[in-house]
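Summary of the model geometry
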Amino acid sequence: MDLRDFYLLAALIACLRLDSAIAQELIYTIREELPENVPIGNIPKDLNISHINAATGTSASLVYRLVSKAGDAPLVKVSSTTGEIFTTSNRIDREKLCAGASYAEENECFFELEVVILPNDFFRLIKIKIIVKDTNDNAPMFPSPVINISIPENTLINSRFPIPSATDPDTGFNGVQHYELLNGQSVFGLDIVETPEGEKWPQLIVQQNLDREQKDTYVMKIKVEDGGTPQKSSTAILQVTVSDVNDNRPVFKESQIEVHIPENAPVGTSVIQLHATDADIGSNAEIRYIFGAQVAPATKRFFALNNTTGLITVQRSLDREETAIHKVTVLASDGSSTPARATVTINVTDVNDNPPNIDLRYIISPINGTVYLSEKDPVNTKIALITVSDKDTDVNGKVICFIEREVPFHLKAVYDNQYLLETSSLLDYEGTKEFSFKIVASDSGKPSLNQTALVRVKLEDENDNPPIFSQPVIELSVSENNRRGLYLTTISATDEDSGKNADIVYQLGPNASFFDLDRKTGVLTASRVFDREEQERFIFTVTARDNGTPPLQSQAAVIVTVLDENDNSPKFTHNHFQFFVSENLPKYSTVGVITVTDADAGENKAVTLSILNDNENFVLDPFSGVIKSNVSFDREQQSSYTFDVKAIDGGQPPRSSTAKVTINVMDVNDNSPVVIYPPSNTSFKLVPLSAIPGSVVAEVFAVDIDTGMNAELKYTIVSGNNKGLFRIDPVTGNITLEEKPTPNDVGLHRLVVNISDLGYPKSLHTLVLVFLYVNDTAGNASYIYDLIRRTMETPLDRNIGDGSQPYQNEDYLTIMIAIVAGAMVVIVVIFVTVLVRCRHASRFKAAQRSKQGAEWMSPNQENKQNKKKKRKKRKSPKSSLLNFVTIEESKPDDAVHEPINGTISLPAELEEQSIGRFDWGTAPPTTFKPNSPDLAKHYKSASPQSAFHLKPDTPVSVKKHHVIQELPLDNTFVGGCDTLSKRSSTSSDHFSASECSSQGGFKTKGPLHTRQWVTGQKNETYEVDEKLLAFLPT
């Protein structure tokens, strides 16, 4: 096995340790000065690379590409198909390739190169190391063609004198091997001394005694030979001068000295101070320092030696990267023939003075310095191999490499100082067509030095963008009855690609049989006549396709709307419309809506409505179809209205149609809530100061003889609770404490409680006064009752404590006088009320008999007797009940029964509140039908129907009957019409009215269907309507 085979085997073993998917390494050994086309190696054979794809089993064509730097003259070449490596015409000179370095036999001179295997599926990076062996192409040479040596005449036989060594750029056996002295004249001989470093130093041996007086000069030749084949040699003239004797030679303290100096040491820096001594005196002791003959001229250029002092200084800037170690031989001579010798080894230490070097070698060959990539190239496409190096050592020579800015490329480390430049993501020609970025190599020195390399990459377009429509949805309009071939619009799409990839053709999709489309221009025309009544809208797609490979396409939706012409008459949704309205509906109220349609569009379907034969009982909105009443309905006088409606559209010529309308009149909610508890408006409840919050301190209970929503009640405090001390449950009517009473709350509190139903069309309500006396005890009840009576003079919207002095703080005598005066007033009022009732009793009975008919049925006397018998066992309530008074309809010619206009001032809570869970006022009247169970009860009910009319400026129809709830005197607002007239109409029924006599009391007419009820407290008797007994507790 020769040396070449040994290195090849070592290379193959090293490759087995690398990842074959990324990088492998080969080592070859050649001789220098080989001719062109000499084979060096075969990559696929040496690495056993298969051309068969393991995944598919097919044979692949591999490409072997040498990664070289632009402008370099390659020393070897690689066959792209076979992978064989050959020499080139460029001369491989080992001495030039490894210039500046001393290579011994064991050291190697080599150069490295990289080869990549493509395509990407088979990608490998092969690192090849080629060792260049020396050839004996240089002869050894002495430093000078003439060598002068001075030898004292008293030199002893066998004394030795050094001769300057010869040098040979070749190494090993090709270097200096043998010296020979020619024409020695038997006076001198030659000996070779080999140093530990392997250098051969020739020494001249004195073989006979010298006598300067006989002969002072000897001229000889010295020959040097190397060990190469063929052998090379050279000669120099050796001239020996015999000098006088100097007995003592200088002596150095140290013969081997090693020093360190940084490479950035300035000129003039002291390296070392040499010192030698001489035992002689006088001129023979004067020592002169000189460089030895073996010191290289290059070393003498960097350092200066003071001949007198022996100081070595820097005389030229040092560069560790050029020469790291300088060996200097210094001779100390006193003029004698044998100078003292000292060897100084100067180590130049590293300083971070060299920026990193970037060696950029492209895998994809650039064109004019620019690499061209396709935008469809996959991720991790290899672009170039980057080798970074730094002449500095240690930390100063440690280099990192990175890309300066964010680009779709990255560096992948292969070896410590080598990187692959690859794509890091998919490329997009439409996004960025060209990239220009810098690769930065930075060392770790302080301060850090860096170097950059510019990389330019241009992308080649691929058909990867479909055409894009300017509008994803194209909307058009065309009149019906058009001509064939009518131009509609031009459809346009754009493509971000270039060249033929951007050439677009257009094509209609399905459901477009009514249209034609030019494939090149995108002009859309009508191929048929449109009829809006058959099809008002056409929706189809248009496809835009480019001419790329493969072609890409996109679609847009086209919506064509056909415009109308007037060829359809208006059409009512019903031939006969029927609406239901309540009988108390005021004038100008909405009673129904007429709905009419027209198959045409625009002005052709703009329909105007009108009434044909109504006698002005109704008003019809010509555009919305809303029917409003022009009369006040009275179901007892007229239960229905019928008329015709005409609809005319806005087309030319106009078209029309008619329909029949019937309006049915229905009954409404007309019973107010009736208060059962508290027993009267003068009763009170004691609230002790020890009462806790949340405890029930009073209760309010009322009933409504209506049913359904009309009978559901809601309780609210509308006045008298300005401190927020009390709270009423809106459902049960229980009054509870909100917070614990304080001494400041002691006294009488008057709460005005509003009780409202949820009836249709407006809720009806009743007010009741609840008196609460806050104190620990209520020892003087007369005093409290007197306070209650005096509160009757305070309007309901004011608190009873708003006067200058509270009632409870007045003088007791004044209170007694007020009680007596109040009692007299009450007696007078009762007397006047009785007279008024008796006066109208007969008239009321006659009117009541004439009114009873099919719709209003009075309970017969037998039923009354049966009811009385059934209820005899019921216990009377502990509080007085309410007295209901039925007021017959007023006559137009009866001045006594004309309504009296008056107002009562109530707080905003009562005027503005929305009562109940359902707003009947917003419900359309057509939602009620005569067959409703609740309405049927109203039609057949014979019970009195009470309501309030409290708005003075609302006209009251004298044709209607009304019912007013009147409380007994001790449960009635005292003060007559002046007090009651202040009540706001916003919280009462606007279909009813109240009447008040000029004396200030309420008038009643007709007999009362009542029963006397005797309480168990004050032996008081109250009249109660029989229908109310069903709601009373037993």
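Here is a short report on the structure shown in this document. For every chain, the first residue of its written sequence is number 1, and the numbers climb from 1 along that sequence. A pLDDT threshold of at least 70 governs which residues receive local features in this predicted model, and a stricter bar of 80 or more applies before side-chain atom pairs are shown or counted, although totals over entire chains, interfaces and linings include all residues. Only heavy atoms go into the side-chain values, all of them from the structure, while hydrogens and water stay out.

Tallying secondary structure elements over the protein gives 10 helices and 62 strands in all. Burial classification: accessible surface area is computed with a 1.4 Å probe over protein chains only, and a residue below 20% of its type maximum counts as buried, one above 50% as exposed, and the rest as partly exposed. Looking at the protein residue by residue over its 1034 residues, the buried ones come to 46%. Across the protein, every contact between residues at least 6 apart in sequence was considered, and the portion connecting residues at least 24 apart equals 70%. Throughout, the Shrake-Rupley method with a 1.4 Å probe supplies accessible areas, and for residues the shown protein chains are the sole cover considered. For the protein, the computed accessible surface area is about 52,300 Å², with 50% contributed by carbon and sulfur atoms. In this text, helices come from DSSP runs of H or I with a minimum length of four residues, and strands from runs of E with a minimum of two, each type numbered from the N-terminal end. Working rule for contacts: check all heavy atoms of both residues, and any pair within 4.5 Å makes them a contact.

The criterion for a disulfide is a pair of cysteine sulfur atoms lying within 2.5 Å. Counting across every chain of the model gives 1 disulfide. The side chain of Cys98 participates in a disulfide bridge whose partner is Cys109; the two sulfur atoms lie 1.6 Å from each other. Here the S-S torsion is close to 90 degrees, and the disulfide linking Cys98 with Cys109 is therefore right-handed. Taken together, the residues span a long stretch of sequence, with Cys98 in the loop between α3 (94-97) and β6 (109-118) and Cys109 in strand β6 at a distance of 11 residues. For the pair Cys98 and Cys109, one class covers both residues: buried.

Within the secondary structure layout, Glu263 lies in the loop between β16 (256-262) and β17 (270-273). Each polar contact in these results corresponds to two N or O atoms within 3.5 Å; when the atoms are within protein, one needs to be able to donate a hydrogen and the other to accept it, and residues that are neighboring in sequence are counted only if both atoms are side-chain atoms. A polar contact is formed between the side chain of Glu263 and the backbone nitrogen of Val351, at a distance of 2.8 Å. Those residues in contact with Glu263, other than ones at most four positions away along the chain, are Leu318, Asp319, Arg320, Glu321, Val348, Thr349, Asp350, Val351, Asp353 and Asp392.

A few words now on the sheet that holds strand β9 (residues 160-162). As summarised here, the arrangement of the 3 strands in space is β9-β12-β11, forming an open sheet in which the pairing is antiparallel. With partners counted over all chains shown, the strands left at the sheet margins are β9 and β11 (188-194), one partner each. Mean inter-strand twist for the sheet, computed between neighbouring axes without regard to direction, equals 35 degrees. Strands are treated as partners if at least two bridges between them are detected by DSSP. Only the stretch in contact is used when fitting a helix axis, every axis being a line fitted to C-alpha atoms; angles between N-to-C directions are given from 0 to 180 degrees.

Take unusual backbone geometry next. That bond from Thr229 to Pro230 is cis: its omega, 0 degrees, falls within 30 degrees of zero. Note that Pro230 resides in the loop between β13 (217-226) and β14 (233-243). A cis amide bond, omega 15 degrees, links Tyr677 with the succeeding residue Pro678. Its place among the elements puts Pro678 in the loop between β50 (674-677) and β51 (684-687).

The next thing to look at is the environment of Thr171. By the element assignment, Thr171 lies in the loop between β9 and β10 (176-182). For Thr171, a relative accessible area of 13% gives the class buried. Taking C-alpha positions, Thr171 is 8.7 Å from Thr135, a pair spaced 36 residues apart along the chain.

Moving on: the pairing of strand β26 (residues 382-389). Among the 8 residues that make up β26, 7 are buried, leaving the element largely enclosed by the rest of the structure. With 5 bridges connecting them, β26 and strand β29 (residues 418-423) associate as antiparallel partners. Bridging from a neighbouring strand, Thr387 pairs with Gln418 of β29.

Attention shifts here to the pattern of salt bridges. A pairing counts as a salt bridge when a side-chain nitrogen of Lys or Arg comes within 4 Å of a carboxyl oxygen of Asp or Glu. Throughout the structure, instances matching the rule amount to 15 salt bridges. With a shortest N-O distance of 3.1 Å, Glu225 and Lys223 are connected by a salt bridge. With relative accessibility at 13%, the residue Glu225 sits in the buried group.

On to the packing of aromatic side chains, then. Note on ring pairs: Phe, Tyr and Trp rings are taken, using the six-membered ring of Trp, and paired if centres are within 6.5 Å. Classes follow the plane angle, with under 30 degrees stacked, over 60 edge-to-face and the rest tilted. In total, this model carries 18 aromatic pairs according to the counting rule given. Aromatic side chains Phe572 and Phe577 sit 6.1 Å apart centroid to centroid with 75 degrees between the ring planes, which places their arrangement in the edge-to-face category. Since its relative accessible area comes to 5%, Phe577 is described here as buried. Measuring from centroid to centroid gives 5.8 Å for Phe633 and Tyr641, while their planes differ by 65 degrees, and the two rings are edge-to-face. Each of the two residues, Phe633 as well as Tyr641, counts as buried.

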